[in-house]
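For reference, the chains in residue letters:
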Amino acid sequence: MNPFIELGIRHDIVNAITELGFEKPTPIQEQAVPVLLTGSNDFVGLAQTGTGKTAAFGLPLLELLDFSQRHPQALVLCPTRELCLQISKDIEKFAKNIPNVHVVAVYGGASISDQLRQIRRGVQIVVATPGRMLDIIGRNAIDFSNVRYVVLDEADEMLNMGFQEDINNILSTTPDEKKTWLFSATMPAEVRRIAKNYMTDPFELTVGTKNSGNANIEHHYYVIRARDKYAAFKRIVDSNPEIFGIVFCRTKVETQEIAESLIKDGYNADSLHGDLSQQQRDKVMKRYRERSLQLLIATDVAARGIDVNDVTHVINYSLPDEIENYTHRSGRTARAGKTGISLSLVNLKELGKIRQIEKVIGKSFVKMEVPRGEAVVESQLFAMIHKVQQVSVNDDHIDPYLPKILESFADLSKEEIIKRFASLEFNRFLEYYQNAPDLNVDANEGRNSFDRERKGKGERFGRDGYKSDYTRLFINLGSVDEFTRGDILGYICNTTHISGKSIGKIDLKGVYTFFEVENASVDKVFSGFQNAEFNGRSVRVENAGEGRGDSRGGEKRNRSFRNGSSDYNGGRRKRENGGGFRDFSGGKRREKSRW
Ligand code: AMP
């Protein structure tokens, strides 16, 4: 017999979840479903995301509610819009074969009138983020007097985000007799308090060890000097060419800066944080989900509820302030039975924090060495060889060119041809990592060999050190042209054929932008823009150093170029990929949040 039937789930639902690939219950489903199906208990489930907890409460709700009635009977509260949409879609999928099931997703940053319309039409299950839910309650647009079950999903997250008061207010509109089911990845004192305040003798279930991380996650750490962090991070990324990762920073500013530096250095990265509008966040997430982005740089709160499978690495660029958050971060990898790595970049002073985290998650970290230059070059080389082995050849299209290609190589041996193809990519990394210093700190000595080797090496250590070697230029394109700093960087590099490394600070304004260029590349920039045009408008680049302040206007500076054909493709290419456009004027905040 199908094990879900044995748990007490009806055939119609089992058929639907079988189509979703659920063959047997996950541990939390196995243990929670029978308890929740009785409908007579309050419940506390300690479980990570990715353990199947949506079905653990969703399936019993579908069994317990009366779908011949069209009033709200279940309310699911969760911290983020992403999770809200995920849960409501999942429940709809589970209910595919049951008639008259109406689920509404209520979340901020989207049209409230559509949500109100759905509520008016009649719904049995409301899945909501607290801020928007309260808004709707405040409009007297929903009646919770018949609610029988309230689910608090990712309760710790909701509290972290400051939703405590909102939750109190929402729950006060539901009947006293309702049952409350609380799910949380961690159990800090605040969640305990909620459980105590809102529940009577709840049934408690812990899947895995308390507060422990997923067993499929390996925890690594690298000891480096703070100032080498970015260089070390790039090495780690470069030595994992197939990385599909989420990089956690502590602040919005750090998130933004790391993303910009990475874009500038040619990485496929973008940032996700609370200053982005909902639409911008959606765009970034869409690109990440579709794997058009390889590295997502995020703040803790922005990354909540991200349910992307196959994340290979979680990178703690900065350790979280709260240890609990480490569990949330690392839980973004090793989902649905996969394995993953959660790695942390720490300096000597932070080693104590690693030990504290080890205690909390009940697992040891493995100390890793930042790869040496040669190791990175080797990884890249073999990744490329692997790509060549895997590439699908379109015979019909390549065949017509083949005779000419073969002719060009006629004088070369097979070995020589292989060497040349391999060198295409290899040379770039070889050049970059040639003489690259060791970035590891010897934990005993408290210093690294880097100081001795640093002088004269080619590695970039951030732009500050270069500032005096830069010239500040003005360009008459800005955020109104839908440019982000990343876009404008791409645009300048594409138009002028200079490397992103030659560009310093980018100061994006409304209708214009200031950017710094290494002195040696200034002429290239001017000649590159000589005939440039953007959307039918001439593009003007001027030296901003001599009197052009941030306030617009003033006379024309010594050198400027305008008119001519369009050479633009950088920004547009990004846009076609669904590139996220950041609103540097500070987009509207979604819901109540601290980021
Ligand atoms: P959740 O923790 O609810 O976000 O679920 C994590 C992932 O596991 C989702 O992609 C679910 O579709 C999937 N999932 C949940 N339960 C099962 C199951 N019993 N068998 C296979 N996959 C499942």
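Residues numbered from 1 in each chain as written. Predicted model: local features only at pLDDT ≥ 70, side-chain atom pairs only at ≥ 80, totals over all residues. Heavy atoms only, no water.

1. Topic: the environment of His102
Right, on to step 1. With respect to the secondary-structure elements, His102 resides in the loop between helix H5 (81–94) and strand E3 (103–106).
Right, on to step 2. Sequence separation between His102 and Ile91 is 11 residues; the distance between their C-alpha atoms is 9.7 Å.
Right, on to step 3. Within the structure, the side chain of His102 is placed 3.4 Å from the side chain of Arg70, a separation counted as a polar contact. (Helix = DSSP H or I, 4+ residues; strand = E, 2+ residues; numbered from the N terminus. Polar contact = N/O pair within 3.5 Å; in protein donor to acceptor, adjacent residues only side chain to side chain.)

2. Considering the sheet that holds strand E7 (residues 203–206)
Right, on to step 1. The parallel open sheet is built from seven strands, whose spatial order is E3-E4-E2-E5-E6-E1-E7. The outermost strands of the open sheet, each flanked by one partner alone, are E3 and E7. For this sheet the average axis-to-axis angle between neighbouring strands, irrespective of direction, equals 10 degrees. (Pairing = 2+ DSSP bridges. Axes fitted to C-alpha atoms, helices over the stretch in contact; angles between N-to-C directions.)

3. Some thoughts on helix H14 (residues 323–330)
Right, on to step 1. With respect to burial, H14 is a largely interior element, six of its eight residues being buried.
Right, on to step 2. Within H14, burial applies to Asn325, Tyr326, Thr327, His328, Arg329 and Ser330. (Buried < 20%, exposed > 50% of the residue type's maximum accessible area, 1.4 Å probe, protein only.)

4. Some thoughts on the UniProt feature "domain: DEAD-box RNA helicase Q" (unreviewed entry) in the protein chain
Right, on to step 1. The sites that UniProt annotates as "domain: DEAD-box RNA helicase Q" (unreviewed entry) are residues 2–30.
Right, on to step 2. Taken end to end, residues 2–30 is 62% helix and 0% strand, and its two terminal C-alpha atoms sit 13 Å from one another. (UniProt positions renumbered as here; feature names shortened; annotations may be inferred.)

5. Things to note about the site of the ligand
Right, on to step 1. Close to the ligand lie Phe4, Gly21, Phe22, Lys24, Pro25, Thr26, Gln29, Gly50, Thr51, Gly52, Lys53 and Thr54.
Right, on to step 2. At 2.7 Å, a backbone N or O of Gly52 approaches an oxygen atom of the ligand.
Right, on to step 3. In isolation the ligand exposes 500 Å². Once the protein is present, 77% of that is buried.
Right, on to step 4. For the shell around the ligand, the per-class residue count stands at three nonpolar, seven polar and two charged. (Near = heavy atom within 4 Å. Areas by Shrake-Rupley, 256 points an atom, 1.4 Å probe, with all protein chains shown as cover. Nonpolar A, V, L, I, M, F, W, Y, C, P; charged D, E, K, R; others polar.)

6. Thoughts on the sheet that holds strand E12 (residues 313–316)
Right, on to step 1. Within the open sheet, the seven strands sit side by side as E10-E11-E9-E12-E13-E8-E14. Their pairing is parallel. Of all strands in the sheet, those with a lone pairing partner are strand E10 (269–272) and strand E14 (366–368), marking the two edges. When strand polarity is set aside, the average angle formed by the axes of neighbouring strands in this sheet is 25 degrees.
Right, on to step 2. Where strand E8 (residues 217–223) and E14 come together, three bridges link them in parallel fashion. Bridged to Tyr222 within E14 is Met368.
Right, on to step 3. On top of the sheet, helix H13 (residues 278–289) reaches strand E9 (245–249), E10 and strand E11 (295–299); it is set at about 140 degrees to E10, its chief contact.
Right, on to step 4. Taken strand by strand, H14 contacts E8, E9, E12 and strand E13 (340–346), and its axis lies near 150 degrees from that of E12. (Contact = heavy atoms within 4.5 Å.)

7. Focus: the environment of Ile119
Right, on to step 1. By the secondary structure assignment, Ile119 is in helix H6 (residues 112–121).
Right, on to step 2. Of the residues examined, Ile119 reaches a relative accessible area of 9% and is grouped as buried.
Right, on to step 3. Between the alpha carbons of Ile119 and Val104 there is a distance of 7.0 Å; along the sequence they are 15 residues apart.
Right, on to step 4. If we ignore the near neighbours within four places in the chain, the residues touching Ile119 are Val104, Val106, Ile136, Ala141 and Ile142.

8. Concerning unusual backbone geometry
Right, on to step 1. With a phi close to 65 degrees, Asn100 is a non-glycine residue in the positive phi region.
Right, on to step 2. Note that Asn100 resides in the loop between H5 and E3.

9. What about the pairing of strand E4 (residues 125–128)?
Right, on to step 1. In E4, alternate side chains face the same way, and those of Ile125 and Val127 on one face and Val126 and Ala128 on the other are all buried.
Right, on to step 2. Of the pairings in the sheet, the one linking strand E2 (residues 74–77) to E4 comprises four bridges and is parallel in character. The residue of E4 that forms the bridge with Leu75 is Val126.
Right, on to step 3. Judged from the four bridges that link them, E3 and E4 form a sheet pairing that is parallel.

10. Side note on helix H4 (residues 53–64)
Right, on to step 1. Look at H4: 17 Å from first C-alpha to last across 12 residues, which is about the 16 Å you get at 1.5 Å a residue.
Right, on to step 2. The complete set of buried residues in H4 reads Lys53, Thr54, Ala55, Ala56, Phe57, Gly58, Leu59, Pro60, Leu61, Leu62 and Leu64. (Expected span 1.5 Å × (residues − 1).)

11. Here we look at the confidence of the model for the protein chain
Right, on to step 1. For the protein chain, the mean per-residue pLDDT works out to 82, and 85% of the residues sit at or above 70.
Right, on to step 2. Counted against residues more than four places away or in other chains, residues 445–467, with its pLDDT under 50, gives 47 contacts.
Right, on to step 3. Of the regions scoring below 50 in pLDDT, residues 546–595 engages in 147 contacts with residues more than four places distant in sequence or in other chains. (pLDDT = per-residue confidence, 0-100.)

12. Digging into the packing of helix H16 (residues 373–390) against helix H19 (residues 414–433)
Right, on to step 1. One way to put it is that H16 packs onto H19 with a least axis distance of 9 Å and a crossing angle of 160 degrees. The angle between the axes of H16 and H19 places the two elements in the roughly antiparallel class. Where H16 crosses over H19, the two elements pack in a sense that is right-handed. Across from Gly373, Val376, Val377, Gln380, Leu381, Met384 and Ile385 in H16, the residues of H19 making contact are Phe421, Ala422, Glu425, Phe426, Phe429, Leu430 and Tyr433.
Right, on to step 2. Broken down by class, the residue content of the contact of H16 with H19 amounts to 11 nonpolar, two polar and one charged. (Parallel < 35°, antiparallel > 145°, perpendicular 65-115°, else oblique. Left-handed = near helix turned anticlockwise from the far one by under 90°.)

13. Section: the packing of aromatic side chains
Right, on to step 1. Tallied over the full model, the rule gives 14 aromatic pairs.
Right, on to step 2. Ring centres of Phe57 and Phe183 lie 5.4 Å apart, and the angle between their planes is 50 degrees; on these two criteria the pair is classed as tilted. Placement of the pair is Phe57 in helix H4 and Phe183 in strand E6 (residues 179–184), with a sequence separation of 126 residues. Phe183 shares its class with Phe57; the two are buried.
Right, on to step 3. Here the aromatic rings of Phe409 and Phe421 are separated by 5.9 Å at their centres, their planes lie at 65 degrees, and the arrangement is edge-to-face. Here Phe421 lies in helix H19 and Phe409 lies in the loop between helix H18 (402–408) and H19, a separation of 12 residues in the sequence.
Right, on to step 4. Accessibility expressed as a relative area gives 47% for Phe421, which makes it partly exposed. (Phe/Tyr/Trp six-rings, centres within 6.5 Å; stacked < 30°, edge-to-face > 60°.)

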